[in-house]
Amino acid sequence: MKIGLIGNPNVGKSLIFSHLTGIGVEVSNYPGTTVDILSGVLCINRIPVEIIDLPGIYSLDGESDEERLVRDMILSHTFDVLIVILDAAHLERNLYLFLQVLEHHIPLIAVLNMADEAEKQGIEIDTKTLSEITGVPVLLTSATLGKNIPELIPLATQQARVGTYQVSYDRHIEAAVRTLMRISGSGSSRVFALLALQGIGNDPLLLEAAKTITGELEEEHRMPVSSLLAGNRHHAAREIAVRVVSKALGKEMRGLDTWLLTPFSGVLIMIGILLSLLISVFFIGSYLEECIVLAFDLWVLAPLANASLDPLVYELAFSFVIAIQAGLGIAFPFVFTFYLLMSVVEDTGYMSRIAFLADRIMHRFGLHGQAIIPMVLGLGCNVPAIMAIRQIGTKRERHIAAFLITMVPCSARTVIIAGIVSVFVGLFAALSIYLIIFTLILLSGLFLSRITPGTQMGMVLEVPPLRVPSPAMVLTRTWIHIREFLIIAMPLLIVSSMVLGLLGFYGVLDVIESATAPVVNGILGLPPFASTALLFGILRKEMAFETLIVLAGTATLTDVMTRVQLYVFALVSTLFIPCISTIAVLYREQGLMTAIQISLYTVFLGCTAGAIVHWISTMVPFF
Amino acid sequence: MDNAEREDILLSLMRQANLTGMGGKPADIAFHTGYQEKNVQEILANLVRSGEVTVSEDGRYHLSPDGMQAAETIMRRHRVLETFFQEMLGMDHDLAHAEACSMEHHTSDDTINRLRRFIRGNRGCHVPCHGHARRCSCKTLADCAQGEVVRIDAIRGCGRGGRLADLGLIPGEHVTIRQRMADTLLIRVKDCDIAISPEIARSVLVEVEY
């Protein structure tokens, strides 16, 4: 038996899901999309029940990845029962999706979640009447308090019903639906006709017929059929809401939002939150990383060096272990800490507030507020951030966002800045690197928005009420984020580390080193071995740092390089060329041209910035 | 000459031109319209004389620009009648079609225009049009001040129209502007807060209620 959880975003769907399934959740990507689907299996009366948490959507007729995915799954009869989760505090808006789901004639139950929040706002809902009107069982729950959650599954498995309520559409639409239902024969239902009117479906005959009618309808009403349907559904939702919801007049609660959303204080708080997030990752990360790297050196690398293996085997084994060490040394301390803190921020609903506050400035770069979310996530790892830009608007916006995100200092780059600059040069020098990078991002954004062709589309984003994050949700979210990092970046890291190990073994690296010496030594003023380190940086950014230590033969880098050299090295390696996993994702998501453009642009930027710092240091004797 | 036959032949020629891109032969026209081929040829000859139809060397008849216009006028009459029967009177599609087929030949353009206005008249104006210029002001959400409550009049363009409609921004809905951040707006619709960019706000035409 398969049960699907469906509902608007921010209705506590995922929290209900984690209450129901506990641990042992499986995250899967639906083929062809980046939409995450969570599923878990329960055993009820010895029958396995699979519960699937569908992505939050506002409509079943839309064209976004999530909406199409959910619609396809429902149309292909994936689910035996659907649990429609509605926000009791905003019932009317949520009924819109509910009415659409009812049209699909699948047994379902309705869950009015956030009962506690509704109660606080003085909202009372007559579940009995709602159940009578719609013909399906209705349950009032509160996921944050765990109220009525245990009754959910028994109700869904035993009493789910196909709804009896039908939206009565505009008479033109009803006539069109009747016509279409006759055309496609007895096998087709109302929902197929309605979808066909919006150009959705796979029956060519029906679509063709619908197209003619749609043309007429649109000319008659002077608005697209989808808006007509939406209007009718909203009216139906309002009628139902009027009958079941009674609201006591309470005072409007705005609380924190007064501060969070007003221009001046809002921006200050936002900067404060993001900065403290970065700084915590910086400190917690570098501490944990030291422990992990030390443990590896002691327990794995030292025994390996003493094992007196064949040189080639040793080289391969060494590269393999180094890759795992680097991966874990980054993944857990930096990526994990970052995403853990980020998930807390996400779970409170603060992200959409950031989008609102940043919308204006993002417009300067030809983007809109929503694009700030992948950019902030890019501070953890660029790979999932680039995958997330599919969600934002037009081609032009995606192009610009891809450039800017690859420049965002991810946690691997944080390692370089923390490990080299902050340790050997000083904390303020480390912060100045961030400052340089962010300035360059701003300038690149301004520049790109001038030269990139195409149109721009704005954002429409719901800003949910602020909520206290739940630990279970935070952990699930963190796991989803870090999983992406582990499955995409780790294998690449291991393979490329071994390839580079082989290159070093056969002496190819020396050739490269001498070939790049004029640039590295002449323009950037770095020692020749730094070029190999920079090269390793293409694999994983933080490997630039680790390789530098290996090549220098000492962990006290100040013995072999001046402080200016270290600063230049850190600056160049953070800016210069995205890591190989990022390039691979760029190629997959944005095409070869964009990947090449971004790589060349960042190399240019890194070398120029490094050269300028080097030049200034030779001019000013103070350094 | 019977007007109905003439018009049916024009329609048949137009349909054929749309379907195949070629002219029609008298035999085909007779088959489609159900008239005698002899009659058809006679009428076609008349039509050629009046300049509405031309005949090519392979014996196919084509509509001239004049003829095309005439055929389109008839088609429009048919559509208006059919819509009226089906949507206003609630008649069955097949019957409505059949009735429209015979009535299209005997209804004056004036009647058709009045029917059309009648069908239209049942709705409020959702687009700024000449007749309703006063009611449909040109104020958009982007022009509203913080704290203002307005009613959505129409939504221009259809780029993001779908998403807006799903969130409850439909004509007739009340919107409160909760916060302005430069030109970005935080609005409240159906008790939910939604952030929208200036370019989207500009596409939502609103009306201030007093």
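Residues numbered from 1 in each chain as written. Chains lettered and ligands numbered in written order. Predicted model: local features only at pLDDT ≥ 70, side-chain atom pairs only at ≥ 80, totals over all residues. Heavy atoms only, no water.

*Asks:* Summarise the overall build of chain B; cite the residues concerned and give the values.
*Replies:* Helices and strands together make up the secondary structure of chain B, namely eight helices and seven strands. For chain B, restricting intrachain contacts to residue pairs at least 6 apart in sequence, the fraction spanning at least 24 positions comes to 56%. With an accessible surface of roughly 10,500 Å², chain B has 51% of that area assigned to carbon and sulfur atoms. (Helix = DSSP H or I, 4+ residues; strand = E, 2+ residues; numbered from the N terminus. Contact = heavy atoms within 4.5 Å. Areas by Shrake-Rupley, 256 points an atom, 1.4 Å probe, with all protein chains shown as cover.)

*Asks:* Give me the lowdown on the confidence of the model for chain A, citing residues and values where you can.
*Replies:* The predicted model of chain A averages 83 in pLDDT, with 95% of residues at 70 or higher. Within chain A, strand S5 (residues 81–87) of chain A carries the highest mean pLDDT (93), whereas strand S2 (residues 26–29) of chain A carries the lowest (62). (pLDDT = per-residue confidence, 0-100.)

*Asks:* So, the packing of helix H25 (residues 580–590) of chain A against helix H26 (residues 592–619) of chain A: which residues are in play, and what are the values?
*Replies:* All names here are of chain A. Contact pair H25 / H26: the axes reach a minimum separation of 7 Å and the direction vectors enclose 140 degrees. Within the contact between the two elements, H25 uses Ile583, Leu586, Tyr587 and Gln590 and H26 uses Leu592, Thr594, Ala595, Ile598 and Ser599. Considering only residue class, the contact of H25 with H26 consists of six nonpolar, three polar and no charged. (Axes fitted to C-alpha atoms, helices over the stretch in contact; angles between N-to-C directions. Nonpolar A, V, L, I, M, F, W, Y, C, P; charged D, E, K, R; others polar.)

*Asks:* Explain the side chain of Asp193(B) to me, and be specific about the residues and the numbers.
*Replies:* All names here are of chain B. Position of Asp193 among the secondary structure elements: in strand S6 (residues 192–196). Among the residues examined, Asp193 registers a relative accessible area of 7% and is labelled buried. There is a polar contact of 2.9 Å between the side chain of Asp193 and the side chain of Arg188. (Buried < 20%, exposed > 50% of the residue type's maximum accessible area, 1.4 Å probe, protein only. Polar contact = N/O pair within 3.5 Å; in protein donor to acceptor, adjacent residues only side chain to side chain.)

*Asks:* Provide a residue-level description of unusual backbone geometry, including the pertinent values.
*Replies:* Residues and elements named next belong to chain A. Phi is positive for Met114, which is not a glycine, with a value near 60 degrees. You can see Met114 is positioned in the loop between strand S6 (108–113) and helix H4 (115–120). One non-glycine residue, Ile577, lies in the positive phi region at around 35 degrees. Along the polypeptide, Ile577 turns up in the loop between helix H24 (563–575) and H25. Judged by its relative accessible area of 14%, Ile577 is buried.

*Asks:* Got a sec to walk through the pairing of strand S10 (residues 460–463) of chain A? Specific residues and values, please.
*Replies:* Burial along S10(A) is two-sided: Val460(A) and Glu462(A) facing one way and Leu461(A) and Val463(A) facing the other are all buried. In this structure, S10(A) lies alongside S6(B), joined through four bridges in antiparallel fashion. When the sheet's bridge partners are listed, Glu462(A) is paired in S6(B) with Ile194(B). (Pairing = 2+ DSSP bridges.)

*Asks:* Residues and numbers for the interface of chain A and chain B, please.
*Replies:* For interface size, the figure often reported is the accessible area lost on association. Contact with chain A, which involves 45 residues of that partner, is made by 45 residues of chain B. Across the chain A to chain B interface the summed buried area is about 4,300 Å²; carbon plus sulfur atoms make up 52%. Three residues, Glu220(A), Phe356(A) and Val460(A), lead the burial of chain A against chain B; their summed loss comes to 16% of the area buried on that side. Here chain A is connected to chain B by five salt bridges. (Buried area = accessible area lost by both parts, 1.4 Å probe. Salt bridge = Lys/Arg side-chain N within 4 Å of Asp/Glu carboxyl O.)

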